[in-house]
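As a plain string of letters, each chain reads:
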Amino acid sequence: MVTLRLEDVGASYGGREVLVGISTPVLEGGQVVALLGPNAAGKSTLFRRIFGLLRGPGSVRIEGATVPRPVAYMPQDNGARPVLTVYEAVLLARMQGRRLKVDPEDHAEVERVMDLLTIGHLRARNVGDLSGGQRQMVGAAQALVQNPQILLMDEPTSALDLSRQIGLLTLLRRLAREQGLLIVVAIHDLGHALRFADACLVIEGGRLAASGPTSEVITPAMLRRVFDVDARVEECSRGKLQLIVD
Amino acid sequence: MTDIGAAEGRDFYRLLVLRRQAILAALAVLLVLSFCADLALGPARYGLGQVVGALISPGSVDDQLRVILWDIRMPVALMAVIVGASLSIAGLQMQTILNNPLASPFTLGISAGAGFGAALALAFGVALFPFAVDYVIPINAFLMAMLTALAIYGLSLRRGVSSETIVLLGIALVFIFNALMSLIQFFASQQAVAAVVFWTMGSLTKATWPKVWISLAILAASVPLLARRGWSLTSMRLGDAKAESMGVNLRTLRLEVLVIVSLLASVSVSFVGTIGFIGLVGPHVARMLLGEDQRFLLPGAALSGALILSVGSILSKIIIPGTVIPIGIVTSIVGIPFFLYLILSRRSQSW
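Everything numeric in this text was worked out from a predicted model, so none of it was measured. Starting from 1, residues in each chain are numbered consecutively following that chain's sequence as written. The lettering of chains begins at A and the numbering of ligands begins at 1, in the order of writing. With pLDDT at 70 or above as the cut-off, local features in this predicted model cover only qualifying residues; side-chain atom pairs require 80 or more to be listed or tallied, and sums for whole chains, interfaces and linings still use all residues.

S.K.: For the environment of A:Leu171, give the residues involved together with the corresponding values.
M.R.: Relative to the elements of secondary structure, A:Leu171 occurs in helix α5 (residues 162–179). A C-alpha to C-alpha distance of 8.0 Å links A:Leu171 and A:Leu116, two positions 55 residues apart in sequence. Each helix corresponds to a stretch of at least 4 residues labelled H or I by DSSP, and each strand to a stretch of at least 2 residues labelled E; elements are numbered beginning at the N terminus.

Okay, here's the thing in structure tokens:
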């Protein structure tokens, strides 16, 4: 089982410290971890630091990985409009660092992932012509097609409609359970976090404000302290935890 | 996974690849035709049959035809193809690594730098590298072009410099070099001024066999190096963040590619002068035809650039019979309206 653990991790941009002393418990494969925090708390920076795009103090420990590139990272959409079909864009993510010839397995994998995300019908469309939500689904496909064991997703649901938000998060949880993936997903909707995440990391001002099982982390006290919101967490009639903002 | 889905995907991709291969093949055929026509046309006109005959077995045709074809026209025609391909590839990769559709050897000031270097030699006999007397002009042009490229690269490394800034910088360099050239012309003799002006118009008639071999060697060395990076270069068009997330090391890739394309552009420009249009349009035409995948776009840009310049070479000879109009003028006058037509007539975006 793959595990991820951060020990005293920090990062800075041009002399300004963005992350300071972030240490987490061991995050194990098979679960979805929500990365929560207000805007500019350092969530994207933490992803870049874990993925190795930023250097800094502390260490990112990944153990139990069985593939050479265990981590995939889905950044936020940057609005680039290349003349590439969806199929090519997903294939491209898989072929990095490989030879120029595409093997049948690669095609099979691209189609499998596009089917999983129900974007098979978009394969001939240009990425530049897609809607924001469709582009986000393509982004998710580009991350999944790399067959990662740890998947870092930076706000993958921000442009999706409600049904697709639930669809994607349900799929992520299924992949975590069935394939032992560790999925860390930055998300602003705490209701979704309550519903889909097994554990949460809360970042505030570049420091870890809370971590642990979701139901222990998302509490009225934390919401008040970190998000400055008065809210309750209550069980609904079906026994699921719900966030109610007062 | 449904098998139907996988089969559909493979079929879709196979068709895509087939279509692109067909387009590449068509471009190659057109290039061969244009090359032969370029050889056939001139003060003495030959039929295509004669040209092909002289190409296949030079011994079987009369001396006059052989000398005109092989010694006079061949270096010029080959130079058109090689320089067209080189400038187009250079433009393509500058556009790719700077993520800017305006990037080209011309807009980044590399051509203007070369022009300034050449003007120094032409007007005042200043040799920046005083050992190869026969090649003072191209060597001056080459050194100034490389210096410009290095300056662009050095500035691009500074924190907070975006690709838009780099293009602005390139355009600023164009103005500076143009001003310096005007200054040179102001102080130079009338003869020298004429030489400078002619040089900057860009002309293939400066082609000789050694220049052909040097340009070809640089081109032949560059293409595999760039092709090897095909997937990474394609992914750069998705934006820096996306490319990085796919594991591309942007810094080393940019440096490597910039060095290669600076060499390509500098050598070409120093041998034939300022031909501004190919490096911008060649890659755009190829992108419209073939899409963004560098496995097809790279050869496509090479072929389209070569084809445009080869056709330009033909036109430069037939517009006014008996006069070879400098190729830089022809490609701009004929090519730019064509380019505008291409851009404006397309419904979907191509950048």
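S.K.: Let's hear about the domain arrangement of chain A: which residues, and what values?
M.R.: Residues and elements named next belong to chain A. Domain delimitation follows an automatic or database domain assignment. The domains assigned to chain A are domain 1 (1–70 + 148–214) and domain 2 (80–147). A separation of 23 Å is found between the C-alpha centroids of domain 1 and domain 2. We call two residues in contact when the distance between their C-beta atoms, placed using the backbone, is within 7 Å. The interface is formed by 12 residues belonging to domain 1 together with 9 residues belonging to domain 2. Breaking the side of domain 1 that touches domain 2 down by element, the ones donating at least two residues are β8 (150–154) and α5. Among the elements that take part in the side of domain 1 that touches domain 2, α5 stands out by supplying 3 residues, more than any other. Residues are sorted three ways: Asp, Glu, Lys and Arg are charged, Ala, Val, Leu, Ile, Met, Phe, Trp, Tyr, Cys and Pro are nonpolar, and all the rest, Gly among them, are polar. For the side of domain 1 that touches domain 2, a count of residues per class yields 9 nonpolar, no polar and 3 charged.

S.K.: Could you give an account of the interface of chain A and chain B, with specific residues and numbers?
M.R.: Facing 33 residues of chain A, the contacting portion of chain B comprises 32 residues. Listed by contribution, the elements that provide at least two residues to the side of chain A that touches chain B are β7 (71–74), α2 (86–95) and α3 (104–116) of chain A. Its residues assigned to classes, the side of chain A that touches chain B shows 17 nonpolar, 8 polar and 8 charged.

S.K.: Before we move on, could you go through unusual backbone geometry and cite the residues and values that matter?
M.R.: All names here are of chain A. A positive phi angle, close to 60 degrees, is found at Ala-40, a residue other than glycine. If you trace the backbone, Ala-40 turns up in the loop between β5 (32–36) and α1 (43–51). Look at Ala-40 and you get exposed, because 11 C-beta atoms sit within 10 Å. Positioned with a positive phi, Asn-147 is a non-glycine residue whose angle comes to about 50 degrees. Partly exposed residues are those whose C-beta has more than 12 but fewer than 20 other C-beta atoms within 10 Å; 20 or more makes a residue buried and 12 or fewer makes it exposed, with C-beta atoms placed from the backbone. With 15 C-beta atoms packed within 10 Å, Asn-147 lands in the partly exposed category.

S.K.: I'd like to hear about the nonpolar core, residue by residue, with values.
M.R.: By size, the foremost hydrophobic cluster in this structure holds 180 residues, and its most contacted members are A:Val33, A:Val90, A:Ala141, A:Ile183 and A:Cys200. Here the element with the most residues in this core is helix α3 (residues 63–98) of chain B; it accounts for 17 residues. Counting the residues that make up this core, at least three belong to each of domain 1 (1–70 + 148–214) and domain 2 (80–147) of chain A. Ignoring any residue separated from it by four or fewer positions in sequence, one finds A:Ala141 in contact with A:Val90, A:Val113, A:Met114, A:Leu117 and A:Ile119. Take the buried Ala, Val, Leu, Ile, Met, Phe, Trp, Tyr and Cys residues, join any whose C-beta atoms are within 7 Å, and the set you get is a nonpolar core.

S.K.: I'd love a proper account of the sheet that holds β7(A), names of residues and values included.
M.R.: All names here are of chain A. Read from one edge to the other, the open sheet built from 6 strands follows the order β7-β8-β9-β5-β10-β11, with strand pairing classed as mixed. Sheet topology places β7 and β11 (207–213) at the edges, where each strand pairs with a single neighbour. The sheet shows a mean angle of 15 degrees between the axes of neighbouring strands, taken without regard to direction. For two strands to pair, DSSP has to find at least two bridges joining them. In terms of strand pairing, β5 meets strand β9 (residues 182–186) through 4 bridges, oriented parallel. When the sheet's bridge partners are listed, Leu-35 is paired in β9 with Ala-186. Structural elements are reduced to axes, namely lines fitted to C-alpha atoms, with helices fitted over the stretch in contact, and the angle between N-to-C directions of any two is expressed from 0 to 180 degrees. Across the sheet, α1 touches β5, β7, β8, β9 and β10 (199–204), and the angle it forms with β8 is around 150 degrees.

S.K.: Just give me the short version of helix α11 (residues 250–272) of chain B, but keep the residues and values in it.
M.R.: The span you would expect from a helix comes to 1.5 Å times its residue count less one. With 23 residues, α11(B) ought to run about 33 Å at 1.5 Å a step, and its terminal C-alpha atoms sit 32 Å apart, in line with that. A positive phi of about 90 degrees marks B:Gly273, the residue just after α11(B).

S.K.: Residues and numbers for the sheet that holds strand β1 (residues 3–7) of chain A, please.
M.R.: Residue and element names in this part refer to chain A. Ordered in space as β4-β1-β6, the 3 strands form an open sheet in which the pairing is antiparallel. Two strands in the sheet have a free side with no partner beyond their single neighbour: β4 (27–28) and β6 (59–63). Sheet topology note: the β1/β6 ladder contains 5 bridges and is antiparallel. Directly across from Leu-4, in β6, lies its bridge partner Ile-62.

S.K.: Outline the confidence of the model for chain B, supporting the account with residue identities and numerical values.
M.R.: All names here are of chain B. pLDDT is a residue-level measure of predictor confidence that goes from 0 to 100. The share of residues in chain B with pLDDT of 70 or more is 96%, and the mean pLDDT across the chain is 88. Element-level pLDDT for chain B is lowest in helix α14 (residues 327–345), with a mean of 81, against a maximum mean of 96 in helix α8 (residues 209–228). Quick note on the complex model: pTM equals 0.91, ipTM equals 0.90.

S.K.: Just give me the short version of the pairing of β9(A), but keep the residues and values in it.
M.R.: Both faces of the sheet carry side chains from a regular strand, because those side chains alternate between them. Residues and elements named next belong to chain A. Most of β9 sits out of view: 5 of its 5 residues are buried. Taking every second residue as pointing to the same face, both faces of β9 are buried, with Leu-182, Val-184 and Ala-186 on one and Ile-183 and Val-185 on the other. The pairing of β8 with β9 spans 5 bridges and is parallel. Following the sheet pairing, Ile-150 is matched in β9 by Leu-182. For the segment spanning β8, α5 and β9, crossover handedness is right-handed. For a crossover, the right-handed case is the one in which the path from the first strand over the helix to the second runs clockwise, viewed with the strands pointing away from the viewer.

S.K.: Hey, could you go over the pairing of β10(A) for me, with residue numbers and the actual values?
M.R.: Residues and elements named next belong to chain A. In terms of burial, β10 is largely enclosed, as 5 of its 6 residues are buried. Of the strand pairs in this sheet, β5 and β10 are connected by 4 bridges, and their pairing is parallel. The residue of β10 that forms the bridge with Leu-36 is Val-202. Of the strand pairs in this sheet, β10 and β11 are connected by 6 bridges, and their pairing is antiparallel. Following the sheet pairing, Glu-204 is matched in β11 by Arg-207. Here β10 hands over to β11 after 2 residues, with Gly-205 in that stretch at a positive phi of 55 degrees.

S.K.: Tell me about the packing of helix α12 (residues 278–290) of chain B against α14(B), and name the residues and values.
M.R.: Residue and element names in this part refer to chain B. Interaxial distance between α12 and α14 falls to 11 Å at its minimum, and their mutual angle equals 35 degrees. At the point where α12 passes α14, the crossing takes the left-handed sense. Contacts from Ile-278, Val-281, Val-285 and Met-288 in α12 reach Thr-331, Gly-335, Phe-339 and Leu-342 in α14. Considered class by class, the residues forming the contact of α12 with α14 number 6 nonpolar, 2 polar and no charged. Left-handed is the label given to a crossing in which the near helix is rotated counterclockwise from the far helix by less than a right angle, and right-handed is the label when the rotation is clockwise.

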